[in-house]
Every structure is written in structure tokens, then in C-alpha cells.
Amino acid sequence: MLFSGLSNVKQIKDTLDVITGIVLLLLSLMLVLYLVPNYIGEPAILQNPMMSPRWLPNIVSWLMLAFSVLLILQGLLVANKSENDERKFIKGSFRRFVIMVIAFLVYVLFFETLGAILTGILATVLLFLAHPVRTWWVYSFAVAFPVGVTLLFVNVMNVPLPLMPY
Amino acid sequence: MKKIVSATCIAACSSTLLLAASLSTANAADWPTGDVRLVVPYAPGGTTDVLSRRVADLLQDALDANVIVENRPGAGSTVGTGRLARGGRDADHTLLMASPGHTIGAAIYPDLAYDPVEDFVFIQNIIDIPNVMVVPASSPYNTVVEFIEAAQDENMAFSHSGVGSSIHMSGELFKTLTGSQMTAVPFAGSGAALPALLGGDVDVSFENMPTVYSHIKSGDLRALAVTSAERSPYLPEVPTLSEIGEYNLDQFTTTAWFGLIAHKSFPEEGYEAMQEALDEVMERQEFQDFAEQLGAQAGQVEGEAFKQFVIDDLARWEEVAQQAGISQ
Amino acid sequence: MENLSEVLQLFLSIDNFIAIALGVVIGVTVGSIPGLTATMAVALALPFTFSMQPVAAILLLVGIYKGGMYGGSITAILIRTPGSPASACTLLDGYPMAQQGNAKKALKTALFSSVIADFISNIALIFFAAYLAKIALNFGAPEFFWLICFSLTIIISLASGSMVKGLLAALMGILLSLVGLDSVFGSQRLTFGNYNLMDSISFIPLLIGLFAIPEIIEFYRKKALPHIKAKASGVGMTLAELKRCMKSIVRGSLIGVIIGAIPGTGATAAAFISYSDARRRSPNKDNFGKGEVEGVAAAEAGNNGVAGATLIPLLSLGIPGDVITAIILGAFMVHGLTPGPIMFQENLSLIYALFLGIMLSSLILLVVGNAAIKYFSLIADIPKSILFPIVLMFCVYGAYAVNNMTFDIWLMLAFGVVGYLFNRTGIPAAPFLIGFILGPMFEDNLRRSLLISNGDMSIFVRGPITWFFIAITFGSIAFAIFRFFKDRNAKLKPTS
């Protein structure tokens, strides 16, 4: 079991480089062929091609294209190196991950409507439950910190965080 | 059922009317009823920001209320301004420090979600900072006319603090009016533009007075003209561009103006209270010292006249932006 | 000196001491909170200085500046969340150190090197301001262009592991930095008409997203490990370690001083240049990025070496090199003082009183920093299941606070996902960051040079400063290629 897991990881590593390379290759193709010509305006008269707003984005996109091809080749030909060790870890429960995603969404979707304090409390409690914190009094932090920090931001630092639902 | 509805409706309407009546007779002392927010549509640290914080500090005494400065930067000044234009809960206690960015932004950004004139109440123009046409000390040109004559066949580089800044637009205006050959060289802010000017990498700039004043005094830069309608008391020997008379320059007056505006729903008593408070602020010695330090003059216009000033400013920049081909 | 008594009279006021101490404390606190930058704190403190004496007023702001420079490193080390942009470099080694149970050591290293660098920077300000100001004036667009080219070569040394991935990361960073309005024509680049993107992608949300969020995502995806009850904060820095790092600290400080004296480059670039320089020279270069004391020292030295030096162009030329010095310039003006050559003639005693105060601020930074470490290092002992939700809350609030936009929270989380994918695929984040910072500077100075010269390419070789930077740029590339092959040979030999 342990061995098969390890060898699996080894195979994935090469494939991962190839997949990364392919994704980046597609990205740079999209840049070169579609995004740069369509989403970067160019003035009608240019004294020098280097002055164009498209000049650097073009070069960078082409270089990205070249290097992603190199990365694919590297993934196909070169055996994995020790540096890749950090990449592998054993996955935890899926439920926990989902709760984390929900907590993220709470922040982005409700920050403006529910205010900083309520979203802060909600997301923090969710995350405490996700990776279960079993000491009950710690949950008071989930209230104390959002309230305290929001008041610090709003009253001391003059940062207008949205406060309350309205 | 229907009766009840109409009855409540009438009651509601009449109470609104009553409220409105009481509001219009209310004197300025009823405003503000809470903290006043002063929105700065730029990041902390710029001229607008420093100026706003100084004014907010003095307004605090004059209004006897907290004045909180809030930075809402983005896309010139259009993000912060657009937010104000949307109104909302605190619109009756929110002010915005408008500057040339207000009109230039409206001239060069397409599809703004707000009307730079109709969506706002124009309270008062607080301060006017002239721009100065400066050349490096090593420059061969001693007068504006000498400079323009040379610029008819030779290309001149002028530095500015970013596309759409009053410094940039002044340069473009000069170029259009005089038919000079000039290239705009952008820098990230006036601070970054200054070394290029001092070192002679660029030929000229239309910098804000406070940025270059000490360098003019020390002789590192030479002032050829000021852009305001009248000579600046701080550089009395330097002519105004409109004085030159030649090359259509009589049409050239621009200043970096700063004034307070608010959402169009801003209450009448707030408007009156603000004008009273601003008059008080502008008489304060601290304010006058600060203005002198900026080489600035106290604002000239308020209310309708301020609005007309903004309309004219907008029309002018729209024309310049079109001729120079600047549009986002 | 005839007006010594005047200087002392201006300086020896209890207000000044309170102002510096208060400034440093505010700076360290604010700097350590992600999203709250020293710039914001300086801007907020500005109105309070209106009613103060000029010396105390400026010293308060300088204190905040210096405190903030250091404060950013605290959270960078402890929770991989750079409190300020410049401390992004500190976390490369600081965070691994904290993970290995050496949080206190990393914090102390950061503090000592910050203070030493600060001190060197102050000395430079006081004694060499005139010379350094001259360099700054001769630093036009083409000189800048080559400086940026040289700085870009440090990507090569930061791309640990796979060179291809490092360069890809840098290219992506450059590309993203170009989103926004074109600086010459004002046309839109890859903004897709979105107003939130016109001022280009906000740096702080990117920074927090790239470094702090992936740690959080990874923590919630990983299988839970039992929390090991141990003092993770560990011990302080030994004298031997300080001695070992001394060379890097001094070199980093000097790099910081030069970069700081040139208006508009910034502390972040200085930190990375210093870091890569230390790495190149260190006997432990393989340990860099894995928790090397010298890495922390070099990064912090480069970053804090900038602080005193940015005052050089401000005081001697009246040129603010960054936003903070622009605000300090505003504070001078409010008090009826105009920095620049004239101030040295008219208000010399005031300048000397300021210098004394600035020197004192380094000392106070040491005291305040030491006290802060005592309490902050306890953060390293908090279980991650409690710490991370609170860190995330700080990150969200901080990202919002920069521009007061919910869009920036989206950006931060998006970069969090990008950072996480980087970690999973082994693409290093540091070159991405360097690309993002240097990309616009590269392009702007290239085009600026061409605009100034009217398209004449000879401007790029116009003087000794350009020649110098051309030489070290190509030298740096050659050295990297040489080392690449040397390492390869060394690796191939034992296997064959």
C-alpha cells in the first residue's frame, strides 16, 4: 500500500510537469493569438515598434510559449528531481476542503452585504469546525477577533470596512 | 383595504412634505448630525490627499464634528467619484475633494457610469495651484517665445506625472495651441519626473508649483511662465502664459484646482453649513500658511459659479483629449 | 560648531523622544498587520503632526516608516503573510525557519539586521547625502533601464530547482503587471473593460494571496496531523550566527542605501537584490529558501537599508522617492519648510536635530522590536487550526482595506489559488513576484528612454553608469550559465 502510493507519486510528477506545460502552452497560445491582438489597443501612428503597448506583452507571451514547450519536453524526458518532494502530501477529508471553500465564498459573496463582522464570525466558525477545534472557549475568538479587528480598522485606522447589513 | 392604503399613503406623503418643509426652514446649525466623511479619490500621499487631510483637520473645528478622510483610489479619480455618484446611506454627510482629475477623467475615460456635472452639488473651490512652465537651468531658452520658436523645427520632450494628469494635459494643450513639436514622457508621479527635469533629460515641464518652487528659488530650474490667469504672488517676475499674446496662448489658463463636491441629494442645510465652515477655514492663519507653502491661492468660486467653472474645464479637456488622441 | 546649542535645544525635547517612540511602536504594529501598510499609517498620522513642533512631527513620521519596514517581517516569518511588500523576500527563509521551530531566531535575525542596516543607512544619509544625491540626479531613464535589467537577472538565482519553471513564473508575473492602462498612450491592456483593473492589479492582495492563502488551502486539504505540543518559537540568534551573517548584512545595507538614494526603485527590489547577492556568495547557498539565517538577514538588511537613504533625495533635492517620503514632504510643507538645497542653508540646525532623532530611532527600533518579538513569537506556538482562520480574516480585511474594494478580496483569493497551484506544480512564487514588480519598470524606462532620445538607441550606452550596469548584467548572466554547467557536472559525476 505504502509502496504503491509512493511509486504513484513518482509517476504523477512527470505527468504533472507535462500537464502544467500543456496548460501554460494553451494559455500562451490564447494570449498570442487572441488576447494580445484583441484586448490591447494600439495607436494608429507609431514611431518605433518598441513604443507599442503590444510590444512587451507580445514578447512575453511568445517567451511563455517557448518555455512551456521546454517544460513539456523536460517533463517527458528528464527524470524527476529531489526538489519535487515538497509537492506531495496525503489528502485529508473532502468535507473539510468543501467547508474551506464555503468559508472563502462567504467572504467574497457576503462581505459587502452582511458586513465585515458577521462574515468574519461566520467564516471563522466554519473553519474552526472544519478542522475541528474541540476546546469550546476558543470559539469565543471567532467572535472577539472579527469584532475587535473591525473596530480597530474602522475607528483607529479609518478604513471604512462595511459594518452592518443594510 | 384600498382606503387604508390610500390613507397611509396620504399620511406618509404629508409627513414627508412636513419633513421637507421643516428641512428647508432649518438653519445650518442642524447639519452635520454625525461624522462627516471626506472622500479622497486618490491613494494616500498625493497632493490631493495631503491637502484634504489639512482641510479636514481645520473643518473639524469649523463644523464641530468629526471629519474622516477616506481614500478611494482607482482609475484616475473615477472609481471614488463614481461611488459617490451612486449616493447611498451616508450621501448627506459625504464630501469629495475634486481636482482636475474630475474633469480630465471624465474627458478621457469612456462610458463613465456618472455625469461629472449633473450628479453632483458643487460646494466650493478651496484652493488653486498654478502650474509652472519650467526648463532646466542648463536650457538655452529664456522666454516662452524662444522656446516655441525652437520647438517649431526641433522636437521637445516634456515630462509629466502620468497620463491624464493636469501636468500632462497642460503640456498637450500647449502643444496644440502653439503647434510645437513635443513628445510627452510619462513618469510615475511628479517626484519621479523631477530628476529627469533637473538632469536635463527632458526639455520642459508644466509642473505643479509646490513641486518645483524650491528648485526655481535655488536656480536649478528656470520658470518661463505660470499657467494661471494672473501672475502668482510667489513668482511675481514670471509672466503668465496668457500674457504672451502670441501663438494662441491667450487661451491658455489652467490651474490645479481643488474643491469640495457632494452627491446631488446633498441637503440644503449641509450646503449652507459647509460654505460657512469653509469661509471660516479659509480665513484661518494655518490655512493661509499652508496655501502659501503650496504657492497656491485661495479658491475663487463657489456654488453655481464653481459648477460653471467645472463645465468649462470639462469642455476644454475634452477638446484637448480628442486632439491629442488620448482616450482610454 | 557655533549653533550646536541650537541643535541640541531643538533636539532635546521630551516631545521628540515621545514622537519617535510612538512612531516606531505604531509602525511595527501597523506594519505587522497584513494590508495595513506603513504608507497608510503615515498618511493617517499626518494630521496629528499639524499641531506639533516640526522636528517632532517629522520624527513621528520617520519613526512610523522605520517601524513599518521592520514590522512587515514579523508576520512574514510567523504566518507567511508579508505585512508589507518589502518583507515578501524575508519570508522565503523566515517562514521555513519558523516551521522548523526557529521562529524566535528568525525574528531576532530580522531585527538585528534591520537595526544594523538602518544604522548604516542613517550614516549614509548624514555624511554622504551630497554625493549620493548626485548619483540620483545622474540616474535617468536609460540608467534605470539597465538597473532593472540587472535586477531581472536575479530571477535566475531565485529560480531554485527548475530554471524553466522559474522563468515561466517571471514571465507570468511580467504579463500580469502589464494589465491596466498603458503608461504612454493610456490605452487599455487586458482590462476587459473592467474599471477595477485599470489601475493595474493591486499589489497587496496579490502578495497576500500568493503567499498566505496557499498555506491555508494546503492546511485544509492535508490529512490532519496531530498537533505536537512543543515550544515552536525556539531560541534566539547566537553571536556566532550574527557574525556569520555580518558580511551579508553590511553588503545588503549598502545595496539598500544605493537603491534608496535613487528615487522610485523601492525597498522590495533592494531586498531581493540583497538576498540573491548573499545567496550567490554564501557557502550555504543550497540552504537558501529552506530556512537559512543568512537569507533572512540579507533580505531585511536590503529592505531597511533603504529607509534612511530615501530621505537623501528628499532632504537634499526635495525629491520624494516613494509615497511615504511624499507624505513626509507634505508634513515639511505644512510646517513652512521646503526640503531641498535651500533648507540646508536656512534651517541647518533643524536638519541636524532631525539627524540626531533619526539616529535615535534605530536604537528605539531595537528596544521596541525586542519587546515585540517576546510576544509575537508566541504566535508560532498557536495550533494552526486556530491560527489560520484568524489569519484568513486578517488577510480578507487587509485586502479590502487597501482600496476599499470587494474586488480586491476576489483578487486575493484568485491569487491564493494561483499560489496553491504554483506550490503543487513546483513553480516558484518569488520570480513571479519579481517579474510583477520589475515588469512595468522595465517597460516604462525603456520607452521613456526612447521618448527622450526621440528613438535614438545610442541613449542606452550614453555614460559610465549605463556601462557599469551593462557590465554587471551580462556578468551576472555569464556567472549563472557558468554555475549551471558546473553544478550539472558535479551532479553527473557521482552517478556515472
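Residues numbered from 1 in each chain as written. Chains lettered and ligands numbered in written order. Predicted model: local features only at pLDDT ≥ 70, side-chain atom pairs only at ≥ 80, totals over all residues.

Further remarks concern the overall build of chain C. Helices and strands together make up the secondary structure of chain C, namely 20 helices and two strands. Its C-alpha radius of gyration of 22 Å places chain C within 12% of the 23 Å reference for a compact globule of 496 residues. Here the C-alpha coordinates of chain C stretch approximately 75 × 60 × 50 Å along the principal axes. Within chain C, the fraction of its 496 residues that count as buried is 67%. (Helix = DSSP H or I, 4+ residues; strand = E, 2+ residues; numbered from the N terminus. Rg over C-alpha atoms; globule rule 2.2 N^0.38 Å. Buried ≥ 20, exposed ≤ 12 C-beta atoms within 10 Å, placed from the backbone.)

Let us now look at the overall build of chain A. On a plain count of helices and strands, chain A comes out with four helices and zero strands. Mapped from its N terminus to its C terminus, chain A presents α and β elements in the order α-α-α-α. The proportion of buried residues among the 166 residues of chain A is 28%. Taking as baseline every contact in chain A between residues at least 6 positions apart, the subset at least 24 positions apart corresponds to 63%. (Contact = placed C-beta atoms within 7 Å.)

With that out of the way, let us pick up the interface of chain A and chain C. The accessible area lost on association of the parts is a frequent measure of interface size. The partner chain C presents 51 residues to the 60 residues of chain A that form the contact. When residues in the side of chain A that touches chain C are grouped by element, the largest group, 15 residues, is from helix α3 (residues 94-130) of chain A. When the residues that make up the side of chain A that touches chain C are grouped by side-chain class, the tally is 41 nonpolar, 13 polar and six charged. (Nonpolar A, V, L, I, M, F, W, Y, C, P; charged D, E, K, R; others polar.)

For the rest of this paragraph, the subject is the interface of chain B and chain A. Each partner contributes to the interface: chain B provides five residues, whereas chain A provides four residues. Across the side of chain B that touches chain A, the residue classes break down as two nonpolar, one polar and two charged.

This next bit is on the pairing of strand β3 (residues 94-98) of chain B. Along a regular strand, successive side chains alternate from one face of the sheet to the other. All names here are of chain B. In terms of burial, β3 is a largely internal element, five of the five residues being buried. Pairing of strand β1 (residues 36-40) with β3 involves three bridges; the strand directions are parallel. Counted as the bridge partner of Arg-37 is Thr-94 from β3. For β3 and strand β9 (residues 255-263), the ladder comprises four bridges, and the chain directions are antiparallel. Paired with Met-97 across the two strands is Leu-260, which belongs to β9. (Pairing = 2+ DSSP bridges.)

Attention now goes to the UniProt feature "transmembrane region" (unreviewed entry) in chain A. Residues and elements named next belong to chain A. Mapped onto the present numbering, the UniProt feature "transmembrane region" (unreviewed entry) falls on residues 16-35, 55-77, 97-130 and 136-156. Structurally, residues 55-77 comprises 100% helix and 0% strand, and the distance from its first C-alpha atom to its last is 33 Å. Helix and strand shares over residues 136-156 are 86% and 0% respectively, and the end C-alpha atoms of the span are 31 Å apart. (UniProt positions renumbered as here; feature names shortened; annotations may be inferred.)

Before going further, it helps to spend a moment on the packing of helix α2 (residues 47-63) of chain B against helix α10 (residues 268-283) of chain B. All names here are of chain B. Where α2 contacts α10, the two axes come as close as 9 Å, and the packing angle between them is 115 degrees. By the criterion of interaxial angle, the relationship of α2 to α10 is roughly perpendicular. Between α2 and α10 the crossing geometry is right-handed. Residues Val-55, Leu-58, Leu-59, Ala-62 and Leu-63 of α2 pack against Ala-273, Ala-277, Glu-280 and Val-281 of α10. Residue classes in the contact of α2 with α10 are distributed as eight nonpolar, no polar and one charged. (Axes fitted to C-alpha atoms, helices over the stretch in contact; angles between N-to-C directions. Parallel < 35°, antiparallel > 145°, perpendicular 65-115°, else oblique. Left-handed = near helix turned anticlockwise from the far one by under 90°.)

Residues and elements named next belong to chain B. Positioned with a positive phi, Asp-64 is a non-glycine residue whose angle comes to about 55 degrees. With respect to the secondary-structure elements, Asp-64 resides in the loop between α2 and β2 (67-71). Here Asp-64 falls in the exposed class, since 10 other C-beta atoms lie within 10 Å of it.

This paragraph deals with the pairing of β2(B). Residues and elements named next belong to chain B. Side chains of β2 alternate between two faces, with Val-67, Val-69 and Asn-71 buried and Ile-68 and Glu-70 left unburied. Of the pairings in the sheet, the one linking β1 to β2 comprises five bridges and is parallel in character. Residue pairing in the sheet places Val-36 in a bridge with Val-67 of β2.

So, about the confidence of the model for chain A. Residue and element names in this part refer to chain A. Scored by pLDDT, chain A has a mean of 82; 83% of the residues are at 70 or more. When mean pLDDT is compared element by element in chain A, helix α2 (residues 55-77) scores highest at 92, while helix α1 (residues 2-39) scores lowest at 75. Ignoring residues within four places in sequence, the model shows residues 1-12, a span with pLDDT below 50, making two contacts including any to other chains. (pLDDT = per-residue confidence, 0-100.)

The next thing to look at is the packing of helix α7 (residues 141-158) of chain C against helix α19 (residues 429-453) of chain C. Residues and elements named next belong to chain C. Across the interface, α7 lies against α19 with an axial gap of 8 Å and an inter-helix angle of 160 degrees. With respect to their mutual orientation, α7 and α19 come out roughly antiparallel. Crossing of α7 against α19: the hand is left-handed. Where α7 approaches α19, its residues Ala-141, Pro-142, Phe-144, Phe-145, Ile-148, Ser-151, Leu-152, Ile-154, Ile-155 and Leu-158 are matched on the opposing element by Ala-430, Pro-431, Ile-434, Gly-435, Leu-438, Met-441, Phe-442, Asn-445, Leu-446, Arg-448, Ser-449 and Ile-452. For the contact of α7 with α19, the class distribution of residues is 17 nonpolar, four polar and one charged.

Formed by 320 residues in total, the largest nonpolar core has its most connected members in C:Val42, C:Leu61, C:Ile77, C:Leu168 and C:Ile327. Not counting residues within four places of it along the chain, the set of residues in contact with C:Ile77 comprises C:Thr90, C:Leu91, C:Gly94, C:Tyr95, C:Ala98, C:Ala103, C:Ala106, C:Leu107 and C:Ala110. (Core = buried A, V, L, I, M, F, W, Y, C linked by C-beta atoms within 7 Å.)

Looking now at the confidence of the model for chain C. Of all residues in chain C, 96% have pLDDT values of 70 or greater, and the mean over the chain is 86. Here the prediction assigns the complex a pTM of 0.85, and the interface score ipTM is 0.86.

The α-helix winds at 3.6 residues per turn, so residues separated by three or four positions along the chain end up facing the same way. All names here are of chain C. Taking 1.5 Å of rise per residue, the 20 residues of helix α17 (residues 384-403) would be expected to cover 28 Å, and the 29 Å separating its terminal C-alpha atoms lies within 8% of that figure. Counting buried residues in α17 gives 17 out of 20 residues, a clear majority hidden from the surface. Trailing α17 by a residue or two, Asn-404 shows a phi angle of about 55 degrees, which is positive. (Expected span 1.5 Å × (residues − 1).)

So, on to the environment of B:Ala85. All names here are of chain B. Within the secondary structure layout, Ala-85 lies in helix α3 (residues 78-85). Once the C-alpha coordinates of Ala-85 and Phe-120 are considered, the two residues, 35 residues apart in sequence, prove to be 7.0 Å apart. Non-local contacts of Ala-85, meaning those with residues more than four positions away in its chain, are made with Tyr-114, Asp-119 and His-263.

Note on placement: A:Leu71 falls in helix α2. Between the C-alpha atoms of A:Leu71 and A:Val18, which are 53 residues apart in sequence, the distance is 6.8 Å. Ignoring any residue separated from it by four or fewer positions in sequence, one finds A:Leu71 in contact with A:Asp17, A:Thr20, A:Gly21, A:Leu24, C:Val164, C:Lys165 and C:Leu168.

Let us look at the environment of A:Leu35. Mapped onto the elements, A:Leu35 comes out in helix α1. For A:Leu35, a count of 18 C-beta atoms within 10 Å corresponds to the partly exposed category. Sequence separation between A:Leu35 and A:Pro57 is 22 residues; the distance between their C-alpha atoms is 9.8 Å. Apart from the residues within four sequence positions on either side, A:Leu35 is in contact with A:Met30 and C:Leu190.

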